[in-house]
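# Summary of the model geometry
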Amino acid sequence: MATGNLALGQEQGESSARLRIVNDFSINVATVNGSGSQSANSVLLKSIFGMGVPVSGKNLFPSNIAGLPTWFTIRASKDGYVARKRESEVLVALNPGTAREDALALPAGGVAIYEEYLDLKQYRDDVVFYPVPFDKLTAALCPEAKLRKLVKNMVYVGVVAQLLRFDLKVVEQCVRKQFAKKQKVFDLNFGAVETGYEYARTNFTKQDPYFIEAMNQTTGQIIIDGNAACGMGAVFAGVTVVAWYPITPSTSLIEATTDLLKKFRVTPEGKATFAVVQAEDELAAIGMVLGAGWAGARSMTSTSGPGISLMAEFSGLGYYAEIPGVIFDVQRTGPSTGMPTRTQQSDLLSTAFLSHGDTKHPVLLPGSVKECFEFGYAAFDLAERMQTPVFVLTDLDLGMNNWMSEQFAYPEKPLDRGKVLTAEELEKLGSFARYRDVDGDAIGWRTLPGTMHPKAAYFTRGSGHNDGAAYTERPEEYQAVMERLARKFENMRTKVPAPVAYRNGKSKIGFLAYGSTDFAMRESLDQIEKEHGLSVDYMRIRAFPFAHEIHDFVASHERVYVVEQNRDAQMESLLKLDLPADQVVKLRSILHYNGLPIDARSISEEFATKEGL
């Protein structure tokens, strides 16, 4: 690897490069947990975003102690692809424990920026190596030893920025925003960026083809994670009771919700108009949610797979006694403890049928941070309109990672509180049967505690009851209630978010996917068309129960591939229960369940294999 001190040599190195790869590659920063690299990685990602280049970031971190390996990948894509790439072309190697493995994982022609004592050049000769004395540079820059590991991260920001040709002014703006109102902290950190930038400028001749160049593709866009977006949607929906128990990866959803409630749900005198309660466990949390929902408050909890398991009994009560509440499930890898900091779509069947007996719950499946906000809002309307618990399923990838999105639209429709009777309405009616279907929509009218009318009271039972809420074990009365609940669930097909058809032409082959799989799926469609000349159709499922459009989509294709991130093909299984028997044979599975976010190449390759292409 040639080095030089002259800018002329640097420019000659660039001009001699056979290929320029601009705004179309991934950066992998390999560090250790607890090293304080989060701020530096955020600056890198937001600097690319600030240069107008579409970008996404994914944090792969361990679930237990500090010192274990962690990776942060940043994808720049001029075409707007934001799914994980299977390979990263640029490596920043600062973890001695994984440096050799990380370097060997680079594609031929890739780039390794690394702590020079690691001597990665010994392992291969088809990669461009940039050794940097990070420890020496940091020691000279920062006298305080306890701060050095934090400052060291900003040095690699500067090196990356120079080698990939970031606009240093944009980097400075991002560092300043990261450390707003802390001038001394900013000075130290941006000084580290400048140190890394200057070292790379004076010591390296650029030998690689990777460049970040300004575009205008991020105007009007924001960067946000799905957990924050869900919390924002819940606050816009008017949530006032939040009960929860901490669990990865859903804790930040509650934290975001709480921060917003403290800002926007406080009287001028400083009194909170909301309640956030950390319960002793997830069972208690959903019990509080249903109690608040029964009393007329908009209430929610947030959890992940192990918490969902504990919520089964109360979920059945909510279904049978018809009590509204919203449960956000940020899915992670199971079973049991599984891998708490890895992603999966493996709670679909458990949430759809959570509890014993004949129980079905509506499940919303947002596919972007924008839909996390929109569905976070809509779930509360649906829960009160249909008088039932509603589950919103995201996953760790969508919930905890940074996503680029168009700005969220302010909700314009008024809140839908459903069928609630006031004292005045009760007086006009003269009688009230809590579970009677008087309107033909399979939803009974309800009253709220405190309604001042002698006819307002009713028993809320988890045991057998008739349409008047009276206890019963009569077979015909129990069966009538269960049949009405089944009709209510059937009617939800037109009340939940409709599927989105991205392509629905004349192809014989169709794809179905949902949630965060959508990003890789749409990129895969382009790969399949480019590499095999096939234009295949694609519809994204956004809720269960399934809308009739999904039945029509399957009926109009000879083969339908269901792409999902779990081992047991849970969405395909759910579809098989719902579709006519003659349509079930059309379904095929493409599955991904190693804990990493699904990538487009994996979909394209498995499709090609199954189709014999």
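Quick caveat, the model's predicted, so the values are computed rather than measured.

Conventions adopted
- Residues numbered from 1 in each chain as written.
- Predicted model: local features only at pLDDT ≥ 70, side-chain atom pairs only at ≥ 80, totals over all residues.
- Heavy atoms only, no water.
- Helix = DSSP H or I, 4+ residues; strand = E, 2+ residues; numbered from the N terminus.
- Rg over C-alpha atoms; globule rule 2.2 N^0.38 Å.
- Buried < 20%, exposed > 50% of the residue type's maximum accessible area, 1.4 Å probe, protein only.
- Areas by Shrake-Rupley, 256 points an atom, 1.4 Å probe, with all protein chains shown as cover.
- Axes fitted to C-alpha atoms, helices over the stretch in contact; angles between N-to-C directions.
- Parallel < 35°, antiparallel > 145°, perpendicular 65-115°, else oblique.
- Left-handed = near helix turned anticlockwise from the far one by under 90°.
- Contact = heavy atoms within 4.5 Å.
- Pairing = 2+ DSSP bridges.
- Core = buried A, V, L, I, M, F, W, Y, C linked by side-chain atoms within 4.5 Å.
- Expected span 1.5 Å × (residues − 1).
- pLDDT = per-residue confidence, 0-100.
- Phe/Tyr/Trp six-rings, centres within 6.5 Å; stacked < 30°, edge-to-face > 60°.
- Nonpolar A, V, L, I, M, F, W, Y, C, P; charged D, E, K, R; others polar.

### Remarks on the overall build of the chain
- Each helix and strand counted, the chain has 22 helices and 22 strands in total.
- Its C-alpha atoms give the chain a radius of gyration of 27 Å, near enough to 25 Å, the size a compact globule of 613 residues would have.
- Dimensions of the chain along its principal axes, counting C-alpha atoms only, are 90 × 65 × 40 Å.
- Across the 613 residues in the chain, those meeting the buried criterion constitute 55%.
- Element-wise, carbon and sulfur atoms account for 52% of the exposed surface of the chain, whose accessible area totals about 26,000 Å².

### Considerations on the packing of helix α6 (residues 168–178) against helix α7 (residues 183–203)
- Where α6 contacts α7, the two axes come as close as 10 Å, and the packing angle between them is 150 degrees. On the basis of their axis angle, the class for α6 and α7 is roughly antiparallel. The hand of the α6/α7 crossing is right-handed. Note on element contacts: α7 touches α6 through Q183, F186, N189, F190, V193 and Y197, opposite L168, V171, E172, V175 and R176.

### A closer look at the sheet that holds strand β6 (residues 111–115)
- The six strands lie next to each other as β3-β4-β2-β5-β6-β7, forming an open sheet whose pairing is mixed. This sheet does not close on itself; its edge strands, each paired only once, are β3 (55–60) and β7 (128–132). Going from strand to strand, the sheet's axes swing by 15 degrees on average, the running direction of each strand aside.
- The pairing of β3 with strand β4 (residues 69–77) spans six bridges and is antiparallel. Bridge pairing in β4 links L60 to W71.
- In the packing of helix α5 (residues 145–163) onto the sheet, contacts are made with β2 (24–32), β5 (90–93), β6 and β7, and the angle to β6 comes to roughly 150 degrees.

### Focus on the nonpolar core
- M300, L364, F511, L512, I541, M571 and L575 are the most contacted members of the largest nonpolar core, which totals 91 residues.
- Here this core takes 10 residues from helix α14 (residues 369–386), the largest share from any one element.
- For M571, the residues in contact, after removing those within four places along its chain, are L348, L365, Y514, I541, F546, V562 and E564.
- Listed in part, the 53 residues of the second largest apolar core include V53, C142, F179 and M404.

### What about the environment of G52?
- Mapped onto the elements, G52 comes out in the loop between α2 (38–50) and β3.
- According to the relative accessible area criterion, G52 is buried, its value standing at 4%.
- Sequence-wise, G52 and K78 are 26 residues apart; in three dimensions their C-alpha atoms are separated by 9.4 Å.
- Setting aside residues no more than four positions away along its own chain, G52 makes contact with M215, N216, Q217 and T218.

### Describing helix α18 (residues 517–532)
- For α18, built from 16 residues, the straight-helix expectation of 22 Å at 1.5 Å per residue is met to within 8% by its first-to-last C-alpha distance of 22 Å.
- Of the positions making up α18, those classed as buried are T517, D518, F519, A520, M521, E523, S524, L525, Q527 and I528.
- Two residues or fewer past α18, G533 is found with a positive phi of approximately 70 degrees.

### Some words on the sheet that holds strand β10 (residues 241–244)
- The strand order β11-β10-β12-β13-β15-β14-β20 describes an open sheet built from seven strands, whose pairing is mixed. Whereas interior strands pair on both sides, the edge strands pair on one side only; in this sheet they are β11 (275–278) and β20 (543–544).
- Bridging between β10 and β11 involves four bridges; their strand directions are parallel. Of the residues in β11, the one forming a bridge with V241 is A275.

### Points about the pairing of β10
- In β10, alternate side chains face the same way, and those of V241 and A243 on one face and V242 and W244 on the other are all buried.
- Judged from the two bridges that link them, β10 and strand β12 (residues 299–303) form a sheet pairing that is parallel. For V242, the partnering residue across the bridge sits in β12 and is M300.

### Remarks on unusual backbone geometry
- Backbone torsion omega between T248 and P249 reads 5 degrees, so that peptide bond is classified as cis.
- Take P249: it is sitting in the loop between β10 and α9 (251–264).
- Residue P335 follows G334 across a cis peptide bond; omega there is 0 degrees.
- Summarising the element assignment, P335 is placed in the loop between β13 (325–331) and α13 (348–352).
- In this structure, S355 takes a positive phi of about 110 degrees despite not being glycine.

### What about the confidence of the model for the chain?
- Scored by pLDDT, the chain comes out at a mean of 94, with 97% of its residues at no less than 70.
- Low confidence marks residues 1–13, where pLDDT is under 50. Its contacts with residues over four positions away, or in another chain, come to 27 contacts.

### Re the packing of aromatic side chains
- A full pass over the atoms with the stated rule returns 17 aromatic pairs.
- With a centroid separation of 5.1 Å and an interplanar angle of 55 degrees, the aromatic rings of Y130 and F204 are classed as tilted. Taken together, the residues Y130 in strand β7 and F204 in the loop between α7 and β8 (210–211) connect sequence positions 74 residues apart. An identical accessibility class is assigned to Y130 and F204; each is buried.

### Focus on the packing of helix α10 (residues 282–295) against helix α12 (residues 312–321)
- Where α10 contacts α12, the axes come no closer than 8 Å and their chain directions differ by 15 degrees. Relative to α12, the element α10 lies roughly parallel. In this structure, the crossing between α10 and α12 has a hand that is left-handed. Seen from α10, the contacting residues are L283, I286, G287 and L290; seen from α12, they are F314, S315 and G318.
- Tallied by class, the residues present in the contact of α10 with α12 amount to four nonpolar, three polar and no charged.

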